[in-house]
Amino acid sequence: MSSVNQTIQDVFNEPGCAKNQAKSEKERKKGCTKQLQPGGAAGGCAFDGAKIALQPITDVAHLVHGPIACEGNSWDNRGAKSSGSSLYRTGFTTDMTENDIVFGGEKHLFKAIKEIVGKYAPPAVFVYQTCVPAMIGDDIEAVCKAASAKFETPCIPIQSPGFVGPKNLGNKLAGEAMLKHVIGTEEPEYTTPYDINIIGEYNLAGELWQVKPLLDELGIRILSCISGDARYKEVAWSHRAKAAMMVCSKAMINVARKMEEKYEIPFFEGSFYGIGDMSDSLREIARLLIERGADPELMDRTEAVIAREEARAWGAIAPYAERLKGKKVLLITGGVKSWSVVAALQEAGMEIVGTSVKKSTREDKDKIKKLMGEDAHMFDDLTPREMYRKLKTAEADIMLSGGRSQFIALKASMPWMDINQERHVAFAGYHGMVEMVKEIDRTLSNPMWEQVRKPAPWETPGQVSWQDKAMAEEAEIAAAMMSQPIGGALAFMGMRGAMPLLHGSQGCTSFGLVLFVRHFREAIPLQTTAMSEVATVLGGFENVEQAVLNIVKKTGPEVIGICSTGVTEVKGDDLKGFVHTIRQRHPELDNVAIVQCSTPDFSGAFEDGWSKAVTAMIEEIVPEATVAKRDMKRVNVLPGCHLTPGDIDELRDVIEAFGLEPTFVPDLSGSLDGHIPEDFTPTTLGGAGCEAVRALGHAGWTLAVGEQMRSPAEALERRSSVPYRLFERLTGLAACDELMLFLSEISGMPVPRKYRRQRGQLVDAMLDGHFHIGGRRFAIGAEPDLLYALVSTLAEMGGVIASAITTTTSAVLAKLPCETVMIGDLEDLEIGAADADILVTHSHGRQAAERLHMPHFRIGIPMFDTLGAGHLVTVGYRGTRDLIFAIGNMLMHRHHEARPDDWRDAWPSAPNVLPEPEKELVP
């Protein structure tokens, strides 16, 4: 530890650090950063800081010497990008055990280095010392020296045990390791008068790549970036640069100062954030290079590039300026961002109501005062309570900070945006400034905020209302994703003791059977009339009759549901007449309900077949009579085909919580919910019984879920005079509020505490999820009612609907909050998804997602490559919450991988027509 202590003391006395030099000698000995207090500690440790500073060196193997938690808990939590090797993303650890702690871990470390060199052949291995091996006295410098000689690979010891200090100290310790063991150990093939180092830039979200194209255009070469998107050799030969720019609040000021002292490389501190600061940094780079021998014309070229890029940036910002003008920002960050981001936001017309300076130097604070005035609100340590108060009382419109404090803003129902290292959006350079403005505007204008700030409807007079805006357009193209017959068959599967029967060829049933088995992972009752060539020509009456008799004989069903198919519809078979004749010929069938419906698979879609089947059930089974006195505690529920068994269970719990007695028709939650039956039955295992259907006319109300259920609800009202209430969706905050308010009204009960709590959880989920959903482009393919639920909910979260594809016409399509909707197929969905961020459809969309290289969120029928499809819940507060989490998580796991040329793709620069600079041979 003696060498570590000496290094730490050197860092504490760093003459380049203005903050330390303002202290007395006694104060400097205490450390260069405010020490964390027990019980009030926050932030990273020295090990964390060292790893942050060096891990962006992408081709190096970063080996953490310590217990697994040191690497496991810190691994892959930064957004630094690489244009080459991805080895830096691999977590290496010695995973020290009790034996290592007792006997020492040096041998274990040596073996780990040997294994890494043998398997990966990296140009170097960086070994990070952590608390435990430092405490037991492991000498990693000796091990690294021996391993370097043995394996002919540089092994660099990083003396950074976490207990020696905070993250900022770790940054400097990492820099010391580079100065001692790496910098100056390699030579470049050549140098030019235009070679620079950038120190303290980590290429977060690819930010370096928003700056590099401009430097390339000017003929300026980044000889080394320490350490964003760096290679080991680039750091090793960085001592040959002509000038350097220091970024990141002097976290590596020791590196810049000592390289100036030892290698005569002048440096300045600058910022790539904001239009003005970006321009100033380019000018200062040009000035330093000219002083070191570059062509004086470099400044003229630099001014020309600045003029062009500033004009572009201001032009791109203009559409947002009016909306953002005067918006108040609370900035909770530190270091260079405490002033550089202030400048950037002021350029966009926003007002900074306060900025934190906990990690800022005296020079940082002076710059803040210059930007914001002498009365600038600077906070050394703004407490969470005070942050919350400022946001809750609207002293600020948005907070920009790191991830730890985001929840303070969200709990106050105020917008928040990530400005620290975990983010995945690049804000550097001119183009980055435009992206920052866009992100702030997107965050502030997200329609979700209006929803989550509204009190629950039962807490204020009146009812929550919401409107969908854009009208949909129908496209006259063919092909449906799924057909009417299997939609009708599935509806019959929601009846107890049912046997669905498809009147058509055997293949019609076979395909539907396979689809449902793969989706529900259950035994599926489905039969066919097995139309032959002869029967198709002569008519299918005999096939229908024989099928009904065989089913009754073999399975003893309560219900037989017959759906026609394309072949029998084309032939013109009269199913209604067939059933009438069969009943006349077979009176023994009087105890069996036989329901038939016309479901040609050459028109309509899955949703239409379901609707027709439910309508047919009501018209066939419910008596045509008006009940003198209805039971107002009883509620009929007609769920659309887009509701899963899990959705129905959730909805049942909600209704019963109000003291009401619901009857679901159909009820897939009783038949296809995956339960284990006591006895085997060849028909459906459960569902709504015929006696329950007959009693629908005794209920006080009917709840119809989805536009597809309007026809069944109207049929029931005609037959029994039971009024109905149509809920076009039950996914989304406003839709769930509407349901709760209705149930409270018809039951006379207040909304139960359980659902008030769930509402709060949904609001919280919306706050958490909008960062990942807002602004993302969705390509969605689904049946109309499911499409409506998904599109509306995602739009309310700020999502952008890039493509909406559905299967059939529906009145609800006109209410979709997107520009267009197409009745089409998966090919149309794939074409429309070309510029989307995520594909949302059932499992058949997986090939399109693979071809498009985009994440695929599975929903609807069929979902055959995932488990638990029948238990997926997307209705109610809880279901909406889980839907937001599921989609948000998928987007989090598949962030756009920035590339070096992204900047050029989005914002082309003028071609580089400069002559090749004169090369200088290295002596």
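It should be noted that the structure appears before, not after, this text.
Bear in mind the structure is a predicted one, so any value in this text is a computation, not a measurement.

**Student:** Explain helix H32 (residues 710-720) here, please?
**Tutor:** Residues that lie three or four places apart on an α-helix share one face, since the helix turns once every 3.6 residues. The complete set of buried residues in H32 reads Pro712, Ala713, Ala715, Leu716, Arg719 and Ser720. End-on, the buried residues of H32 take up no more than an arc of 160°, which puts them together on one face. Elements that come into contact with the buried residues of H32 comprise helix H28 (606-621), strand E18 (631-639), strand E20 (699-705) and strand E21 (724-727). At the C-terminal side of H32, serine 721 shows a positive phi close to 65°.

**Student:** When you look at unusual backbone geometry in this model, what are you seeing that I'm missing?
**Tutor:** Both trends apply: most residues other than glycine have a negative phi, and most peptide bonds are in trans. Cis geometry marks the peptide bond from isoleucine 226 to serine 227, where omega comes out at 20°. Looking at the secondary structure, you find serine 227 in the loop between strand E6 (221-226) and helix H12 (232-236). Along the chain, isoleucine 861 connects to proline 862 via a cis peptide bond; the corresponding omega equals 5°. Among the structural elements, proline 862 can be located in the loop between strand E26 (856-858) and helix H38 (876-893). Of note, alanine 121 is a non-glycine position whose phi angle comes to about 45°, a positive value. With respect to the helices and strands, alanine 121 occurs in the loop between helix H7 (106-120) and strand E3 (125-129). Exposure remark for alanine 121: the relative accessible area of 59% places this residue in the exposed category. The backbone phi angle of alanine 530 is positive, close to 50°, even though this residue is not glycine. Note on placement: alanine 530 falls in the loop between strand E15 (527-528) and helix H24 (533-538).

**Student:** Can you walk me through the state of the cysteines in this structure?
**Tutor:** Working definition: the covalent bond between the sulfur atoms of two cysteines is a disulfide. Evaluated as defined, the whole model comprises zero disulfides. Its sulfur unpaired, cysteine 144 is 5.6 Å from the next cysteine sulfur, which belongs to cysteine 155.

**Student:** Honestly, the packing of aromatic side chains in this entry has me stumped. Any pointers?
**Tutor:** The description of two aromatic rings rests on the distance between their centres and on the angle between their planes. Applying the stated criterion across every chain yields a total of nine aromatic pairs. Seen in terms of ring centroids, phenylalanine 92 and tyrosine 120 are 5.2 Å apart; in terms of plane orientation they differ by 75°. Their pairing is edge-to-face. Residue phenylalanine 92 is found in strand E2 (residues 92-93), and its partner tyrosine 120 is found in helix H7; the two are separated by 28 residues along the sequence. With a relative accessible area of 8%, phenylalanine 92 lands in the buried category. Between phenylalanine 727 and phenylalanine 742, the aromatic rings sit 5.7 Å apart at their centres with planes inclined by 70°, giving edge-to-face as the arrangement. Here phenylalanine 727, found in strand E21, pairs with phenylalanine 742, found in helix H33 (residues 733-747); they are 15 residues apart in sequence, far enough to count as distant. The exposure class of phenylalanine 727 is buried, given its relative accessible area of 2%. Grouping aromatic residues by their ring pairs yields a cluster made of Trp701, Phe727 and Phe742. Over the ring of tyrosine 128 we find lysine 51; its NZ or CZ atom is 6.0 Å from the centre of that ring. Lying across the ring of phenylalanine 864, arginine 518 places its NZ or CZ 3.8 Å from the centre.

**Student:** It is not clear to me how the sheet that holds E6 should be interpreted in this structure. Could you clarify?
**Tutor:** Each strand in a sheet pairs with another by means of backbone hydrogen bonds, the pair being arranged parallel or else antiparallel. Pairing in this open sheet of four strands is parallel, and the strands run E6-E5-E7-E8 from one edge to the other. The outermost strands of the open sheet, each flanked by one partner alone, are E6 and strand E8 (267-269). Geometrically, the sheet is characterised by an average inter-axis angle of 20° between neighbouring strands, direction not taken into account. As judged from the four bridges shared by strand E5 (residues 195-199) and strand E7 (residues 243-246), these two strands associate in the parallel manner. Bridge assignment links isoleucine 196 to a residue of E7, and that residue is alanine 243. In the packing of helix H11 (residues 208-218) onto the sheet, the strands contacted are E5 and E6, and the crossing angle to E6 comes to about 160°.

**Student:** Got a minute to help me understand the nonpolar core in this structure?
**Tutor:** General note: in soluble globular proteins, nonpolar side chains tend to be found buried as a group. Core analysis: the biggest nonpolar cluster contains 120 residues, and Leu490, Met495, Leu743 and Phe778 have the highest contact counts within it. No other element matches H28, which puts eight residues into this core. When near neighbours in sequence (up to four residues on either side) are disregarded, phenylalanine 778 contacts Ile773, Leu794, Gly799, Val800, Ile801, Ala802, Ser803, Ala836, Ile838, Val840, Ile887 and Leu891. Core analysis: the second largest hydrophobic core is formed by 54 residues, Leu208, Leu215, Ile306 and Tyr320 among them.

**Student:** I'm lost on the packing of H33 against helix H34 (residues 753-773) in this one. Help?
**Tutor:** One can describe the packing of H33 onto H34 by two numbers: an axis separation of 11 Å at closest approach and a directional angle of 170°. It follows from the interaxial angle that H33 and H34 lie roughly antiparallel. Packed against H33, whose contacting residues are Leu733, Asp737 and Met740, the element H34 presents Tyr755, Arg759, Leu762, Val763 and Met766 at the interface. A class-by-class count of the residues in the contact of H33 with H34 yields six nonpolar, no polar and two charged.

**Student:** When you look at the sheet that holds strand E25 (residues 838-841) in this model, what are you seeing that I'm missing?
**Tutor:** Taken together, the five strands give an open sheet; going across it, the order is E24-E23-E22-E25-E26, and neighbouring strands pair in parallel fashion. With one partner strand each, in any of the chains shown, strand E24 (822-823) and E26 form the two edges of the open sheet. The sheet contact formed by strand E23 (residues 800-806) and E24 spans two bridges and is parallel. Looking at E24, one finds that isoleucine 805 is bridged to methionine 822.

The rules we used
Residues numbered from 1 in each chain as written. Predicted model: local features only at pLDDT ≥ 70, side-chain atom pairs only at ≥ 80, totals over all residues. Heavy atoms only, no water. Buried < 20%, exposed > 50% of the residue type's maximum accessible area, 1.4 Å probe, protein only. Helix = DSSP H or I, 4+ residues; strand = E, 2+ residues; numbered from the N terminus. Arc of directions from axis to C-beta. Contact = heavy atoms within 4.5 Å. Disulfide = S-S within 2.5 Å. Phe/Tyr/Trp six-rings, centres within 6.5 Å; stacked < 30°, edge-to-face > 60°. Lys NZ or Arg CZ within 6 Å of the ring centre and 35° of its normal. Pairing = 2+ DSSP bridges. Axes fitted to C-alpha atoms, helices over the stretch in contact; angles between N-to-C directions. Core = buried A, V, L, I, M, F, W, Y, C linked by side-chain atoms within 4.5 Å. Parallel < 35°, antiparallel > 145°, perpendicular 65-115°, else oblique. Nonpolar A, V, L, I, M, F, W, Y, C, P; charged D, E, K, R; others polar.

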